[in-house]
Every structure is written in structure tokens, then in C-alpha cells.
Amino acid sequence: MITAEELLDALDGIGCHQLCGVPCSYLSRVYDRVADDTRFSYVPAVHEGAGFSTVVGMMLAGDEAALFVQNSGFGNLVNPLTSLALPYRIPVLTFMTMRGWPTADAGEPQHEVMGRTTIPLLEQLGLPHYLLPGTATDLEQMLMRIQEERRIGLPSFILVPSRIPGDKPHPRNASETRSLQRGDAITGLGRLFPDARFVSSTGYISRDLFAQCDQPGNLYLQGAMGHAISVAAGVALRRPELRVVALDGDGSALMHLGAMSTVGHLKLPNLVHVVLDNGRYESTGGQITSAASTQFSEVAKACGYLHAVSVGTAKELQAAEPILRSRGPVLLHVRIAENSPSTGARASTTLATDVLARRFAASVQDGGSHDNPIAGVAGNPVRLGPLGGR
Ligand SMILES: Cc1ncc(C[n+]2csc(CCOP(=O)(O)OP(=O)(O)O)c2C)c(N)n1
């Protein structure tokens, strides 16, 4: 397998030094190297479509640039790909990791559909796509060939089938001002809201919630990055008698930050939006997000949330209780420690995702009774409405 260092040298060879993307753990060694390599500049994009469009802008400005994404974010970039790069003939070069390909792991149902359809979709769109070769020489030759094709203005995709190896990264300097662990913050929130319904964001947040506070009233998103707050808003809107807590990460909240405007507009009194902010995409290897320059509490207030509070210790979290219990929407920004990997398993290793969804629906529709956790799944006539049984 080609190494991170070889991949970057090959990009250097075609004069491509401007990089942009949303991380995937398959590329974590590449990101580690880019952070140390003065030949390259890197822009952390909030989502794949924004990253793709930033690369378009860099190319319009006269620079060679490349995008790094995961195929789960392909949907996010299809719009600027089809309505910008293709008609305007901007030959964006994208490195896309292939999660769920050729087959999805049993514990990763979120990658199954994109794993199966990424290549057919690229073919349907008439886009050149290549599998990342195994050696540096083959990659150099491939990039030369791709450069020829890019001259006619076609965007091209290099598909990365597995984790790219590379030198171990330098140890990170974790900020001393952030000591609260993700797991402790989640346990504290579980204690503060024992009767709430929780919708948690993809990655370590869902794993920690599942490991520490599993209950039928939790919906663990695996994938659908950035959409936990919108799912929670839908539940809160239709079930005003329930308190609903969205557990977001900073990377996930930034991905679809516009959803906060909808929450403020809806003025949902029963919604608490928690952003567990470590300034990193911890679940994919700890790459930085753009959160350091975004004040989530200020954004929330500007969007119409009724209350917003920022905490950084277990004590401050406890002290915020009265605000968290007041009329929402409420934003709780929690500064958590960097470098806190989850040791928990994905919920789908224990219960299938469709079962998890129906268990959550039953808990929401029962309005507080948790004693029939998988009602509806085995054909039990619970009010599952449009979801149906399994
Ligand atoms: C659309 C999309 N792009 C990229 C990914 C890969 N991915 C999975 S988890 C994750 C990081 C989430 O970061 P954050 O919300 O800050 O939470 P943390 O991992 O730091 O707990 C990323 C980038 C994805 N699942 N979906």
C-alpha cells in the first residue's frame, strides 16, 4: 500500500499544495503528515460540498488544489459537482475513501449503501475514477494521465480503498484548559436529564452514550453526520411534552450549522442542544475543526435560542442546571478534553439500526414509559405509525 509520505510527494510532483477536506480515519496519517509539512496548506471544510467549492475557488484563483473526503460525504458534494464543476468545467481532483467497499463490515451498516453505490454513481455521472495504486511510481504515472484528462475540464476521483499507512504522528499537545472527558460530560448530562430523549451524533459521542447510559429513549446516529440536531428538532416539535436533548460534536454541529437557525425559528421550548467541543474530529484521528474561531453560544443566541451557556468543568456543568431546565431552545456548549478516544462499541454491534430506531420511536410515542423497549419490532401493535414493524 502506498504511504502517506509517498502520496504527498506525488501531489508535490504535480504542483498541488493546496488541500482541503473533511477527514476519514483511512487518511489520518495523511492529515498527520500535512500538519507537519510546510509544502502544503490545508483548509478544514465544514462539509464535503463546502470543501469541493473551496477547491473550485482555489483553482479559479490559479492554484492547483485537491480535496480529501470520505464517500459517506459524497451526497454533500453532488450539488456543487453537478451544478458547478461539471457545467463550468472545473477539473477538481478528489481523493475519496471507500467506506463499505467492496463490502461493509457487520458493525457499520451506515456505510453499506454508499459502499455499494459510490462507483455506480460516479459511472452514472460520467466521471473518471481510479483506484489508488499500490506504489509511488504507479501513482505518479496515474496523476500524469489524470492531468491529461483534467485538461478537458473533467473532475476526477481517486478512490482510496483502505487505511493509508504512514509514520506515527508527533504527540499532540493537548490543551491544559480542557480537562473534562467526553464520557464524564455525557454521564453528567444523563444524570441531569434522566427522563429526556437523546439523539446523539455519529462517532465517539454515540459510542460513549451507548456504553454509559444506554436506554430505549436514546437514538444513536451512526453516519448522518451533522443531522442529530435536526432529528431532535423534529421529535421535539411533534412531542412538546418530552424534553429532547441533541448531543452534537463541534465537527458535526459545524457541518450543518444552518440547522441552528431552524431551531431558533421554531422556538422549541423542550429542546436542549449540547455541543461537545474538543476542537477536533476526534473519531477520525483528531484532525482540527474550525471550531476554535466559532463561538457556538453567540451563534445560538443570534439564531434565536432563548439561552446559551458555555461550560468547561463538571462543576460548571452542574451549576448550569437551572439554565438547562429553563424554557428552550437552550444551547449548552461544553469544552471537553482533546485526545479522549472512546472505548465503547457502536450500538449497532448489539442491536440492528432499524431495531434501535423503532425502540426509540416506541419510547417517544409512549411519552415516558420505557418498559416496552422493543415494542413494535416483533409485530407488537404499538403506535409505530409510518415506521411500520420490522
Ligand atoms: C458526511 C460525513 N463526512 C465525514 C464523515 C466521517 N466522520 C465520522 S465521525 C467524524 C468526526 C466527528 O467529529 P465531531 O462531531 O467533532 O465529534 P468527535 O469525533 O470529535 O467526538 C467524521 C469526520 C462522516 N461520517 N460523514
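The structure this text deals with has already been given above.
The model shown is predicted, which means the values in this text are computed figures rather than measured ones. Just so you know, the residues in each chain are numbered from 1, in the order the chain's sequence is written. Selection of residues for local features in this predicted model requires a pLDDT of at least 70, selection of side-chain atom pairs for listing and counting requires 80 or more, and totals for whole chains, interfaces and linings are taken over all residues. The side-chain quantities take in all heavy atoms of the structure and omit both hydrogens and water.

### A short note on the packing of helix 9 (residues 228-238) against helix 11 (residues 259-266)
The cut-off we apply is this: Throughout, an axis means a line fitted to C-alpha atoms (over the contacting stretch in the case of helices), and angles, computed between N-to-C directions, take values from 0 to 180 degrees. Strands are runs of DSSP state E lasting at least two residues, helices are runs of H or I lasting at least four, and both sets are numbered from the N terminus onward. The labels follow the angle: roughly parallel below 35 degrees, roughly antiparallel above 145, roughly perpendicular from 65 to 115, and oblique for the rest. Note on convention: the crossing is left-handed when the near helix lies turned anticlockwise from the far helix by less than a right angle, right-handed when the turn is clockwise. Two residues form a contact once any of their heavy atoms are found within 4.5 Å.
Interhelical geometry of helix 9 versus helix 11 gives an angle of 15° and a closest axis separation of 10 Å. On the basis of the axis angle, helix 9 is roughly parallel to helix 11. By crossing handedness, the relation of helix 9 to helix 11 is classed as left-handed. Residue-level contacts link Ile229, Ser230, Ala233 and Leu237 of helix 9 to Ala259, Val263 and Leu266 of helix 11.

### Examining the site of the ligand
To be explicit about the condition: Being near a molecule or strand, for a residue, means having at least one of its heavy atoms within 4 Å of it. As used in this structure description, the phrase polar contact means that two N or O atoms lie within 3.5 Å; if the pair is within protein, one of them must be able to donate a hydrogen and the other to accept it, and residues adjacent in sequence are counted only when both atoms belong to side chains. Per-residue and other accessible areas follow the Shrake-Rupley method at a 1.4 Å probe size, with only the shown protein chains counted as cover for residues. Ten residues, namely Ala, Val, Leu, Ile, Met, Phe, Trp, Tyr, Cys and Pro, are considered nonpolar, four, namely Asp, Glu, Lys and Arg, are considered charged, and the remaining ones, Gly among them, are considered polar.
Neighbouring residues of the ligand: 22 residues in total, closest Glu48, Gly251, Ser252, Arg280 and Ser283. One of the side-chain N or O atoms of aspartate 250 is found 3.3 Å from an oxygen atom in the ligand. Serine 283 places a polar side-chain atom, nitrogen or oxygen, 2.5 Å from an oxygen atom of the ligand. In the complex, the protein chains occlude 95% of the 590 Å² of accessible area that the ligand would expose alone. Considering only residue class, the shell around the ligand consists of 6 nonpolar, 11 polar and 5 charged.

### Things to note about the nonpolar core
Our working rule: What is meant by a nonpolar core is a set of buried Ala, Val, Leu, Ile, Met, Phe, Trp, Tyr and Cys residues, joined one to another through side-chain atoms within 4.5 Å. Three labels apply to residues, based on accessible area from a 1.4 Å probe with only protein chains included: buried if under 20% of the type maximum, exposed if over 50%, partly exposed otherwise in between.
In terms of nonpolar packing, the biggest core is built from 29 residues, with Phe193, Leu247, Val274, Leu276, Leu324, Leu332 and Val334 touching the most fellow members. Elements supplying a minimum of two residues to this core: helix 7 (182-192), helix 8 (204-213), strand 9 (244-249), strand 10 (271-277), strand 13 (307-311) and strand 14 (330-335). Among all residues touching leucine 247, those that are not within four sequence positions of it are Ile186, Leu189, Phe198, Val199, Ser200, Ser201, Ile205, Leu209, Ala228, Val274 and Leu276. Counting 28 residues, the second largest nonpolar core, distinct from the first, contains Val199, Val235, Leu242 and Ala259.

### Digging into the sheet that holds strand 13
Through backbone hydrogen bonds, the strands of a sheet pair up, either in parallel or in antiparallel fashion. What counts here: A pair of strands counts as paired when DSSP detects no fewer than two bridges linking them.
Taken in spatial order, the 6 strands line up as 8-7-9-10-14-13 in an open sheet, and their pairing is parallel. Each of the sheet's edge strands pairs with one partner strand only, and the pair in question is strand 8 (218-220) and strand 13. This sheet shows a mean twist of 15° between the axes of neighbouring strands, independent of strand direction. Where strand 13 and strand 14 come together, 5 bridges link them in parallel fashion. Note that in strand 14 the partner of alanine 308 across the bridge is leucine 331. Here helix 8 sits on the sheet and contacts strand 7 (197-200), strand 8, strand 9 and strand 10; the angle it forms with strand 8, its principal contact strand, is near 145°.

### Focus on the layout of surface pockets
What counts, and what does not: Method remark: on a 1 Å grid restricted to protein atoms, a set of points is classed as a cavity if a 1.4 Å probe fits but cannot get out and as a pocket if it is open with protein on both sides within 12 Å along at least five of seven lines; lining residues have an atom within 4 Å of a point. Grid points are joined across faces, edges and corners, and a volume is the space filled by probe spheres set on the points.
Approximately 420 Å³ is the volume attributed to the second largest pocket. Looking at the second largest pocket, it is lined by 20 residues, and the ones nearest its centre are Leu219, Leu221, Thr353, Ala357 and Phe360. At the level of elements, strand 8, helix 9 and helix 15 (353-365) are the ones that each hand at least two residues to the lining of the second largest pocket. Top contributing element to the lining of the second largest pocket by residue count: helix 15, with 7 residues.

### A closer look at the pairing of strand 2 (residues 41-44)
For clarity, the threshold we go by: Assignment of crossover handedness uses the view with strands pointing away from the viewer, where a clockwise path from the first strand over the helix to the second indicates a right-handed crossover.
For strand 1 (residues 18-21) and strand 2, the ladder comprises 4 bridges, and the chain directions are parallel. Its bridge partner lying in strand 2, glutamine 18 is registered against serine 41. Read as a crossover between parallel neighbours, the route from strand 1 over helix 2 (residues 28-36) to strand 2 is right-handed.

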